[in-house]
Amino acid sequence: MPSLIGRREILDHARTQLTAGPGVLLHGAAGIGKSALLEALTDEVPPGGFVLRCVPVEEDVKLPFVALMDLFARVPEEYVDGLTEGPRAALRAALLRGHEPVATQSRLVVRDAAVELLRALAAAGPVLIVVDDLQWLDMPSAEVLSLALRRLPPGEAVRFLAAERVVEGEEPRGLRCCPPGTAALPVPPLSDGEVAELLVEDTGAELPEPAVRAIQDAAAGNPLYALELGRAALRDGRPAEAGDTLSVPPRLRDLLLDRVRLLPASARQTLLVASAAARPTLPLLAAAGVPDPEGDLATAQALGVAVADTEGTIRFHHPLIRAAVYADAPEHGRRTAHKLLSRVVPEPVEQARHLALAHPHADETTAATLSAAAESARRRGAPATAAELAALAARRTPEDRPAERADRLLAAAEYACDAGLRGDAERAAGTVLAEAGSARQRVLARLIMLGNAGQALGAAGRLISDGLVEAEGHPELEARLHQWAALRHLIGGRPAQAAAHARRAADMALPAGEAGADAVDTRVAALALLARLHALHGEAASAEAALGEALGLPVPPDGPGARELVRTRAILAADADRITDAEREMAGLLGRTGEYASVEETAATLVALIRIQVRSGRCREALDNVARCAVLPVRAGSDSPPVLYAAALAETAGGRLERALELADRTIRACMTDGDQLFMLRALGVRGRAQLLAGGRENTAAAVETLRQVRRLGETMGIADPVMLRWYGDLAEATVILGDTDSAAEILRAARRRAGARPSASVLSALDRAEGLRDCLLGRSKRGITRIQAAADRLRGLSLPIDLARTLIVLGAAERRPRRAAAARGALVEALEISSAVGAAPVEARARAELARLDARRETTARTPNYT
């Protein structure tokens, strides 16, 4: 069966429309996936139903009733024999089963026969009429089908399903053949992520990242194009590196270039030069020496190949036509096009790229030009372009310059890592590690590979240990390796060992700090990590001391160290309920980060921002930033635990709980793959909270089981930060709801011990909320309500609307007694207003459910609350 990757939403929509209405018309470009959707919907016809299907082709247009013959070909003969005599004879003639041809005046009788036949079939079971490639339906069949479908009585068990090929931007014309009320649904292109998933499913192999990116750009979401290009890339082994050309297989070339090959030679040459340019325009082509670009483009436009707009910008009708024109040209033709463009493009980075492609051989001058252009591209915030140019520079470096080649490969690896192009980075750094004669270059390669690993640092022990051996005597490099060792231990669930390495990294960077900004950034990053580790252990004073030490350093204001310091201060402030301070720290950081930060750093900033926005009740903004995370190539081909965790957290606060649980489960699976215990803990906490908010005994029992895992894992890791302690409150609350007051008491005692003498207000409120609920269940309602009310009052002075709304819901449930109904309603209405104002949809749903329960049980007496 054809793949349905990226098609679930439109499939569900089509299914709904087909159930509720008379028919569905799917329309879109050739290869966009219409037939796959038709097949999936057709397969859902229940046993006993009839599927009447035809797939006309262009040659059928002039043959009368050929589509009708196909539609009724498998109709059992007894249904045709059961028609009344006149319609039966006319239909048999139309289907070439009779002796007489169908006269024009008899077509109305054929229509009547079709109506009668469809009604007879519908009496025996549901009927689905399926027409693929509706645009090739012959006119007599179209007329009969259209008239017959219009004459069917409303409610008849006959549905119409069709697909029509349309040129991009045009509307379908086939609705005239469809029954009134047919829903016309455009089939959208796949996203880049869906294209990547489709390629893996089809080829069964991970294609090189440059190949995947080139296919995504050229296919523009068309699954047929993507599959053909992916199979060609797997077969031909291209493009394996940045700068390689895309292999467009002959079958696709023939499909796409049939009109191009009708053009005169001059127009084809013009299109080749345009296909080689990054931003082709008529003035650029004229400057490059193309004799008549305007005339050639007018000819190409007449054939629907390419167009030049009023400002002279040239656009091919599909990106793959552009790729096919370039791939179809001989090598010398492509070199000539690049040579022409290298002389006239004004932008130095693009000029260097054309220069390299015009001279595909080793040359130090070309290599140096490319290297300088790569640095320029990175300074301008284009790391992917920088990586491509640096890789080209390495390939153009003469063999007798191995040190320069290694430096250029390291630059390519670093730029690729910054851009999230992990495969490119791994290959370039791996080459240096295997071939470089310099110990320093090999250590730098290892550092890039560590940065390229994301959260999957469990298997990176050898990179660090071997690197420390080769870095001996270079304290800055040793400090950076100890920093990675600290991160590896933290992710692996060993925060004590992580703290020791972070301290070592900070100390080793100190003497090197006098040497320059990079060493200061290393020390700041180590101290920021040390502060986070102290906070995870509940050691707030030590965390502040580490931050103070970092703040005393001469930190470059626009460097990564300064940005890491801001993120750390903001997160610690938010965890300590200082939301205003956290928001002030983060204000503008994303804008300052944008151009120069790596993809990983941008993702880290977005994750920190989402965490703070969720705490402050900016639910809609948090979900918007989740969408920004989604387009980052943080983990090409795989899932990033931090980004998934942030998405799950935002959905739990302001989205759909079903989506939150799905994302939490994906985070957990990604953490298991990476060996990431830190985000495993966080993902379990989010899943437990979502299960608790979902309500109902089954969900609450699931929340208890999940949050018990959080407790066990957190205690094993020695974590006692405010986030962990609030999850203790969730666990105690869920345990009380299930009626296990003894276990809840033990959980609360353990949480208060771990919280110490001065817990944050939100931690204390979460524990008091659960404690008060427990009191109510045990019959100590007055004390319980007082405790919950105190928790709510404590939260009113903080910018924590979701925490306050949750506490008011528990208060409303506790107050739900005949004489306290007004107080209960007041608390629940306030919770509803707060949650609605901040967009906290799951909490808002809980408040509405509790209000409905209060109204339904207004006349009954309840001794204990029922917050399920």
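Residues numbered from 1 in each chain as written. Predicted model: local features only at pLDDT ≥ 70, side-chain atom pairs only at ≥ 80, totals over all residues. Heavy atoms only, no water.

Draft legend 1. Summary view of the sheet that holds strand 1 (residues 23-28). Pairing in this open sheet of 5 strands is parallel, and the strands run 2-3-4-1-5 from one edge to the other. Every other strand in the sheet has two partners, leaving strand 2 (50-54) and strand 5 (183-186) as the edge strands with one partner each. For this sheet, the mean angle separating the axes of adjacent strands, direction not counted, is 15°. The pairing of strand 2 with strand 3 (residues 127-131) spans 5 bridges and is parallel. Each residue of the ladder has a partner; that of L52, found in strand 3, is I129. Those strands touched by helix 1 (residues 8-20) are strand 1, strand 3, strand 4 (158-165) and strand 5, and its axis lies near 150° from that of strand 1. Most of the contacts of helix 2 (residues 34-42) go to strand 4, to which it runs at about 165°, and overall it touches strand 1, strand 2, strand 3 and strand 4. (Pairing = 2+ DSSP bridges. Helix = DSSP H or I, 4+ residues; strand = E, 2+ residues; numbered from the N terminus. Axes fitted to C-alpha atoms, helices over the stretch in contact; angles between N-to-C directions. Contact = heavy atoms within 4.5 Å.)

Draft legend 2. Fine view of the packing of aromatic side chains. Taken as a whole and assessed by the stated rule, the structure comprises 2 aromatic pairs. Ring centres of F50 and Y79 lie 5.7 Å apart, and the angle between their planes is 80°; on these two criteria the pair is classed as edge-to-face. Of this pair, F50 sits in strand 2 while Y79 sits in helix 4 (residues 77-81), and the two are 29 residues apart along the sequence. Of the residues examined, F50 reaches a relative accessible area of 17% and is grouped as buried. (Phe/Tyr/Trp six-rings, centres within 6.5 Å; stacked < 30°, edge-to-face > 60°. Buried < 20%, exposed > 50% of the residue type's maximum accessible area, 1.4 Å probe, protein only.)

Draft legend 3. Looking closely at helix 43 (residues 841-856). Here helix 43 spans 22 Å end to end across 16 residues, near enough to the 22 Å set by a 1.5 Å rise per residue. Buried within helix 43 are the following residues: P842, V843, E844, R846, A847, E850, L851 and L854. Along its buried surface, helix 43 packs onto helix 33 (641-654), helix 34 (657-674), helix 35 (677-694), helix 41 (801-814) and helix 42 (821-838). (Expected span 1.5 Å × (residues − 1).)

Draft legend 4. Structural context of the packing of helix 28 (residues 560-575) against helix 31 (residues 599-616). Between helix 28 and helix 31, the shortest axis-to-axis distance is 10 Å and the interhelical angle comes to 20°. If you check the angle between helix 28 and helix 31, you find them roughly parallel. Pair helix 28 / helix 31 crosses with left-handed handedness. Along the contact surface, helix 28 presents P560, R563, R567, A570, I571, A574 and D575, while helix 31 presents E601, A604, T605, A608, R611, I612 and R615. (Parallel < 35°, antiparallel > 145°, perpendicular 65-115°, else oblique. Left-handed = near helix turned anticlockwise from the far one by under 90°.)

Draft legend 5. Here's a closer look at the packing of helix 12 (residues 265-276) against helix 14 (residues 293-302). Where helix 12 meets helix 14, the closest approach of the two axes is 9 Å, and the angle between their N-to-C directions is 95°. In terms of axis orientation, helix 12 runs roughly perpendicular to helix 14. Contact residues: helix 12 offers S266, A267, T270 and L271, while helix 14 offers P293, D296, L297 and A300. Taken together, the residues of the contact of helix 12 with helix 14 sort by class into 5 nonpolar, 2 polar and 1 charged. (Nonpolar A, V, L, I, M, F, W, Y, C, P; charged D, E, K, R; others polar.)

Draft legend 6. Spotlight on the pattern of salt bridges. Scanning the entire structure with this criterion turns up 62 salt bridges. Here R231 makes a salt bridge to D202, at a shortest N to O gap of 2.8 Å. Highlighted residues: R231 in helix 10 (residues 223-236) and D202 in helix 8 (residues 192-203), separated in sequence by 29 residues. Taking relative accessible area as the criterion, R231 reaches 37% and is therefore assigned partly exposed. The exposure class assigned to D202 is partly exposed, which follows from its relative accessible area of 31%. (Salt bridge = Lys/Arg side-chain N within 4 Å of Asp/Glu carboxyl O.)

Draft legend 7. View of empty space enclosed by the protein. All told, the structure shown has 5 cavities of 30 Å³ or more when counted by the stated rule. What lines the largest cavity is a set of 23 residues, among which V614, R615, L649, R689 and R726 lie closest to the centre. For the lining of the largest cavity, the elements supplying multiple residues, two or more each, are helix 28, helix 31, helix 33, helix 35, helix 37 (722-737), helix 39 (761-777) and helix 41. Looking at the lining of the largest cavity residue by residue, the classes come out as 13 nonpolar, 1 polar and 9 charged. (1 Å grid on protein atoms, 1.4 Å probe; cavity = no way out; pocket = protein on both sides within 12 Å on 5 of 7 lines; lining within 4 Å. Points joined across faces, edges and corners; volume = space filled by probe spheres on them.)

Draft legend 8. Molecular detail of the nonpolar core. Among the nonpolar cores identified, the biggest contains 124 residues, and L533, I610, Y728 and L808 are the most heavily contacted of them. Beyond its immediate stretch of four places on either side in the chain, Y728 contacts R711, E715, I747, A750, A751, R754 and L767. In terms of nonpolar packing, the next biggest core, distinct from the first, is built from 51 residues, I5, L229, L257 and A323 among them. (Core = buried A, V, L, I, M, F, W, Y, C linked by side-chain atoms within 4.5 Å.)

Draft legend 9. Expanded view of the pairing of strand 1. Most of strand 1 is tucked away: 6 of the 6 residues are buried. With burial as the criterion, each face of strand 1 is covered, one bearing G23, L25 and H27 and the other bearing V24, L26 and G28.

Draft legend 10. Molecular detail of the pairing of strand 5. Alternating residues of strand 5 divide into A183 and L185, all buried, and A184 and P186, none buried. Pairing between strand 1 and strand 5: 4 bridges, direction parallel. Bridge pairing links H27 to P186 in strand 5.

Draft legend 11. Up close: unusual backbone geometry. Within the chain, D133 stands out as a residue other than glycine whose phi angle is a positive 55°. Residue placement: D133 occurs in the loop between strand 3 and helix 7 (139-151). Judged by relative accessible area, which is 18%, D133 ranks as buried. At D577, a residue that is not glycine, the phi angle is positive and equals roughly 75°. Relative to the helices and strands, D577 resides in the loop between helix 28 and helix 29 (579-586). Residue classification places D577 among the buried residues on the basis of a relative accessible area of 8%.

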